Amino acid sequence: MTPRITLNHLNFEVTDNNEPKQLLNDLNLTINPGEFVVLLGANGAGKSTFFNTIAGDLTPTSGQLLFNDHDITKQSAQQRTRLISRVYQDPKLGTAADMTVAENILLAMRRGQRRRLFPRRLKQQLPQIKALAKTLPNHLDQQLNRPVSNLSGGQRQTLNFLMATIQKPELLLLDEHTSALDAVSSQALMTFTNQTIRDNQLTCLMITHDLEDALQYGNRLLVLKAGKLIADLNATEKQALTVDTLLDYLN
Ligand SMILES: Nc1ncnc2c1ncn2[C@@H]1O[C@H](COP(=O)(O)OP(=O)(O)OP(=O)(O)O)[C@@H](O)[C@H]1O
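Reference entry: report on the structure contained in this document. This is a predicted model, so every value here is computed, not measured. (Residues numbered from 1 in each chain as written. Predicted model: local features only at pLDDT ≥ 70, side-chain atom pairs only at ≥ 80, totals over all residues. Heavy atoms only, no water.)

### Looking at the pairing of strand E1 (residues 5-16)
Point 1. With nine bridges connecting them, E1 and strand E2 (residues 19-31) associate as antiparallel partners. Each residue of the ladder has a partner; that of Ile-5, found in E2, is Ile-31.
Point 2. Linking E1 back to E2 in an antiparallel pair, the connection comprises two residues, with Asn-17 at a positive phi of about 55°.
Point 3. With five bridges connecting them, E1 and strand E4 (residues 62-67) associate as antiparallel partners. Bridge assignment links Asn-11 to a residue of E4, and that residue is Ser-62. (Pairing = 2+ DSSP bridges. Helix = DSSP H or I, 4+ residues; strand = E, 2+ residues; numbered from the N terminus.)

### A closer look at the packing of helix H3 (residues 101-109) against helix H5 (residues 153-165)
Point 1. Where H3 contacts H5, the two axes come as close as 8 Å, and the packing angle between them is 20°. With respect to H5, the element H3 is oriented roughly parallel. By crossing handedness, the relation of H3 to H5 is classed as right-handed. Contact residues: H3 offers Val-101, Asn-104, Ile-105 and Ala-108, while H5 offers Leu-159, Leu-162 and Met-163.
Point 2. Considered class by class, the residues forming the contact of H3 with H5 number six nonpolar, one polar and no charged. (Axes fitted to C-alpha atoms, helices over the stretch in contact; angles between N-to-C directions. Parallel < 35°, antiparallel > 145°, perpendicular 65-115°, else oblique. Left-handed = near helix turned anticlockwise from the far one by under 90°. Contact = heavy atoms within 4.5 Å. Nonpolar A, V, L, I, M, F, W, Y, C, P; charged D, E, K, R; others polar.)

### Regarding the site of the ligand
Point 1. Around the ligand, the surrounding shell holds 13 residues, and the nearest of these are Gly-44, Gly-46, Lys-47, Ser-48 and Thr-49.
Point 2. Between the ligand and Asn-43, the relevant distance is 2.9 Å, taken from an oxygen atom to a side-chain nitrogen or oxygen of the residue.
Point 3. In this structure, an oxygen atom belonging to the ligand sits 3.1 Å away from a main-chain N or O atom of Ala-45.
Point 4. In terms of residue count, the dominant contributor to the shell around the ligand is helix H1 (residues 47-55) (three residues).
Point 5. Residues of the shell around the ligand, tallied by class, amount to four nonpolar, six polar and three charged. (Near = heavy atom within 4 Å. Polar contact = N/O pair within 3.5 Å; in protein donor to acceptor, adjacent residues only side chain to side chain.)

### A look at the pattern of salt bridges
Opposite charge on two side chains makes pairing possible when the charged atoms of those side chains draw close.
Point 1. Tallying each qualifying case throughout the model produces six salt bridges.
Point 2. Here Asp-232 and Arg-220 are joined by a salt bridge, their closest N and O atoms 2.8 Å apart. Here the residue Asp-232 occupies a position in strand E10 (residues 228-233), and Arg-220 occupies one in strand E9 (residues 220-225), the gap between them amounting to twelve residues.
Point 3. A relative accessible area of 39% places Asp-232 in the partly exposed class.
Point 4. If you follow the salt bridges from partner to partner, you end up with Glu-35, Arg-220 and Asp-232 in one network. (Salt bridge = Lys/Arg side-chain N within 4 Å of Asp/Glu carboxyl O. Buried < 20%, exposed > 50% of the residue type's maximum accessible area, 1.4 Å probe, protein only.)

Remember, this is a structural readout, not a statement about activity or role.
Dropping the structure here:
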C-alpha cells in the first residue's frame, strides 16, 4: 500500500531569544490511507506546528514530506489544497460569513471548478443541498437560507466540517474542531465526524485535548511531547488505554 503521508527526519527550528528552538524534532512517520489518527500533546508540544508543516503553511527546516510517495516538502499550502482539508478550532474560520449556508455548501461542492452562473447553479443544486443538510447534526438543515454569520458556533463548525469533507479530501486535518462548542453540540459533531470518516474511508489526523474522545475515536494514537513523537499506538494498543495511562503519556 502506498502511504498517504511519510515524514522522513522532519525538523522545524526557529530562533527564539537568539537561541535555536526545535519545534519539531526528527519526526519519522508513515500514515496509510484510511487511518484515523488521534494526535495528543500538552500545550506547546508542537501539534499545530506539525499540522502547519503538513498543510504547507510552514516549510520544514530539514527532512522530507511525501504525499502518496510524491515529495511535497517544498510545495506551498495553495498547491496542497486539492489534497488536504483542514478544520480549525475557531468556528469563524473556513466559511464566507455574509453568504448563506446553502451558498457556502455550493461553493464547497464546486471548489476547484469555474464558479460562473452561480444563482442558476444554486437553484439547480438546491434539492441536493437540502437532502445533504438533512443528514447534518446541530439543526443545520433548518438554517440553509441564513447568512453564516447568524449561526451558532456548533452550526458553523458543522458547516465547516461538511465543507472540508464534501469533496472527500485525501487527507483531513481536524485541529481541535469541537473544542469551542458546548458539550451537546460537540458530541453531535464528533459522532457525525466519526461516521463521515468511516463511511468515506477518509484518512484523518485529529488533534484533541478531550481524553474521552481520544479513547473513543480513531484507530491509531500519536503523542507529541516537546516536538518529539513519544508514542505511536495501533488500534489494539489504543483499545487497551485508559484516561490514566493517557495522562501518564502527557505528563
Ligand atoms: N515562530 C515561533 N517562534 C518561537 N516559538 C514558537 C514559534 N511558533 C511556535 N512557537 C512555540 O512552539 C511551541 C509549539 O507550539 P504549537 O502551537 O505547535 O503547540 P501546540 O501543541 O499546538 O499547543 P496548543 O495545544 O497550546 O495549541 C510552543 O511553545 C510555542 O510557543
